[in-house]
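Single-letter residue listing:
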Amino acid sequence: MTTVRVVLAGWRVYLPAVLLTAAAQALLVLADPVPARSWSFAGLALASFALVVAAITVIAAAGAGRVRPALPVWVAGLGLVIGAAAVLSPWLAPPLLLVGALVLPPVADGAPRPVRTAFRAFRVIPARAVAGLLVLLVVAVLSWAAALLSGLLVTGPLSAAVTWLWFGVLAVLVLGWSTALYRRAADLSRRVGERPRTGP
């Protein structure tokens, strides 16, 4: 299973999830809200976070072919951790997003120890795992920088729509890669476990 196959297999789910999320996020900033300590801004921020959690849950579940009750809990928890880290330094977000993407496929698949299982690919197929991770890390950092820059140059619903549309596409690609990597590592581990042992 490759990233392309995972993406093509779930495009009927990915496409509306990305488009609807981008449109909804644009509507949230239609009134040009100003960050402030108010119930209205807190409500908008919570709605935006809920949209992200819902979209990532749908994308991860589509890749796994099933929905586990724990999946949205993990997505929300990882989102809070990444958000807190981004407050300390915006550049902590891209690598943490990739780590989260590695964990979500085993969570969606119902693996008993998803964090440990997530990094099994680095033991089973290290070259493929590291190469893919480095490529996506560069893409994630560049995308994050572009998002920060576009927020300064373009504002309002248009900026939100374009930014969330690209992040949605990136989420599909990253989760497609991590899902394919997880399945490949699981298949290889299963074959090694089923291989008859020789010797005394």
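Along each chain, numbering runs from 1 in the same order as the chain's sequence is written. Whole-chain, interface and lining totals are the exception, using all residues; otherwise, since this is a predicted model, local features are given only for residues with pLDDT of at least 70 and side-chain atom pairs are given and counted only at 80 or more. No hydrogens and no water enter the side-chain calculation; it runs on all heavy atoms of the structure.

Chemist: Summarise the environment of T57; cite the residues concerned and give the values.
Modeler: Working definition: helices are DSSP H or I runs of at least four residues, strands are E runs of at least two. Numbering for both runs from the N terminus. Along the polypeptide, T57 turns up in helix α3 (residues 39–64). For T57, a relative accessible area of 11% corresponds to the buried category. Between the alpha carbons of T57 and A17 there is a distance of 9.9 Å; along the sequence they are 40 residues apart. In what follows, residue pairs with any heavy atoms lying within 4.5 Å of each other are defined as contacts. Residues within four places of T57 in sequence aside, it is in contact with L71, P72 and V75. Categorising residues by exposure relies on relative accessible area from a 1.4 Å probe, with only protein chains included: less than 20% of the type maximum marks a residue as buried, more than 50% marks it as exposed, and the intermediate range marks it as partly exposed.

Chemist: Quick rundown of the packing of aromatic side chains? Include the residues and the values.
Modeler: Note on aromatic pairs: the rings of Phe, Tyr and Trp (six-membered ring only in Trp) are paired at centre separations within 6.5 Å, and the planes decide the class, stacked below 30 degrees, edge-to-face beyond 60, tilted for the rest. Applying the stated rule across the entire model yields two aromatic pairs. Each ring, one from F119 and one from F122, has its centre 5.9 Å from the other, and the planes form 35°; the classification is tilted. Given the relative accessible area of 22%, F122 is considered partly exposed. Ring centres 6.2 Å apart and planes at 75° place the aromatic pair W164 and F167 in the edge-to-face group. Of this pair, W164 and F167 both sit in helix α9 (residues 156–194), three residues apart, which is roughly one turn of that helix.

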